[in-house]
Amino acid sequence: MLATAFSFLYQFGDAFAFLVIASMGLAIIFGMMGVINLAHGEFITCGAYVTATLAQKGVPLPLAILGGAACAGIIGMILEVTIIRRLYHRPLDSIVATWGISMIATQGVLIVLGSTMQGVGTPLGSFSVGGYSYSVYRLVLMAIAVSLLLGLYLLFYHTRFGVIARATIQLPRMARATGVDTSRIYTLTFGLGAALAGLAGGLYAPTMTLVPTMGSTFIVESFVTVVIGGGDIFLGAAPAAAILAVIRAGMTAWQGQLFGQIGLLLTVIVVIRLMPGGLSGWILRGRK
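Residues numbered from 1 in each chain as written. Predicted model: local features only at pLDDT ≥ 70, side-chain atom pairs only at ≥ 80, totals over all residues. Heavy atoms only, no water.

Novice: Would you mind showing me how to read the packing of aromatic side chains here?
Specialist: Tallied over the entire structure, the rule returns 14 aromatic pairs. Note on Phe 6 and Tyr 134: the rings are 5.1 Å apart at their centroids and 80° apart in plane angle, and the pair reads as edge-to-face. Of this pair, Phe 6 sits in helix H1 (residues 2-32) while Tyr 134 sits in strand S2 (residues 132-135), placing them 128 residues apart in sequence. The class for Phe 6 is partly exposed, based on a relative accessible area of 25%. Centroid distance Phe 156 to Phe 161: 6.5 Å. Interplanar angle 45°. Geometry classified as tilted. A connected cluster of aromatic rings, assembled from ring pairs, spans Phe 6, Tyr 10, Phe 127 and Tyr 134. Here the basic side chain of Arg 166 rests over the ring of Tyr 157, its NZ or CZ set 4.2 Å away from the ring centre. (Phe/Tyr/Trp six-rings, centres within 6.5 Å; stacked < 30°, edge-to-face > 60°. Helix = DSSP H or I, 4+ residues; strand = E, 2+ residues; numbered from the N terminus. Buried < 20%, exposed > 50% of the residue type's maximum accessible area, 1.4 Å probe, protein only. Lys NZ or Arg CZ within 6 Å of the ring centre and 35° of its normal.)

Right under this line is the structure:
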């Protein structure tokens, strides 16, 4: 019984960490800024590929992961200045543009680097409970997911940048009237979302095969988490990830990975039908 309980908790923590880490970048770009970013998976791929390249050149893995996140963030800021900036409040156009960026990036990586890339070995080894083996690195990912939620909360609610960023996104004209350089804030915020996507790719690079389409592994779960969470990434993302993690872990333990994915999709259908504003909209409505 103890081994079974630990196995479920481990699967829950692993799913929770994956959903949080994969969705935070999208939660900022889509949830806060309103840009439907279909290139989210390619920012993740960028982070993973840069991390693997740096690690193979002898850079310590933590620094390689940060390098992947930084590279994705810089590319994100460049794309915001050159393309995305003209598409705010134009959701259909942003879908087409980011889908095009996604296709160009995927095919470009395939042409330049080939269909696969040498990966990075999973560090820290494993441990056993009740005859089953578990990865220590995935426990680290669980701790990083919680730290990421806390760090972003402190950034957006307890720093000057966070206050200005939220004001700019919610009331850009008012922010501009008070002297805020809204274009710069949009660029930095979009870059932060892209960097978080790159961080997700870097963190999960040691756990998966590196291929140009690896971003698609993340994007469905990312959109499901953000949509269920609603517009407030802090009120909605953590509860959404926890609920989805329970469903995914339970369905996977019952019938395998495919049923875990089906459970996620059925959940988003039900939540959107009953709570169009997501969990955060329901929570905020309950406070009034």
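Moving on from the coordinates now.
Novice: How should the nonpolar core be read in this particular structure?
Specialist: Here is a general trend for soluble globular proteins: nonpolar side chains tend to be buried in one another's company. Membership of the largest hydrophobic core comes to 74 residues, with the highest contact counts inside it found for Met 24, Leu 203, Tyr 204, Leu 210 and Ile 228. Looking at this core element by element, the count peaks at 15 residues for H1. Residue contacts for Leu 210: discarding those within four places in its chain leaves Ala 48, Tyr 49, Ala 52, Thr 116, Met 117, Gln 118, Gly 119 and Ala 205. (Core = buried A, V, L, I, M, F, W, Y, C linked by side-chain atoms within 4.5 Å. Contact = heavy atoms within 4.5 Å.)

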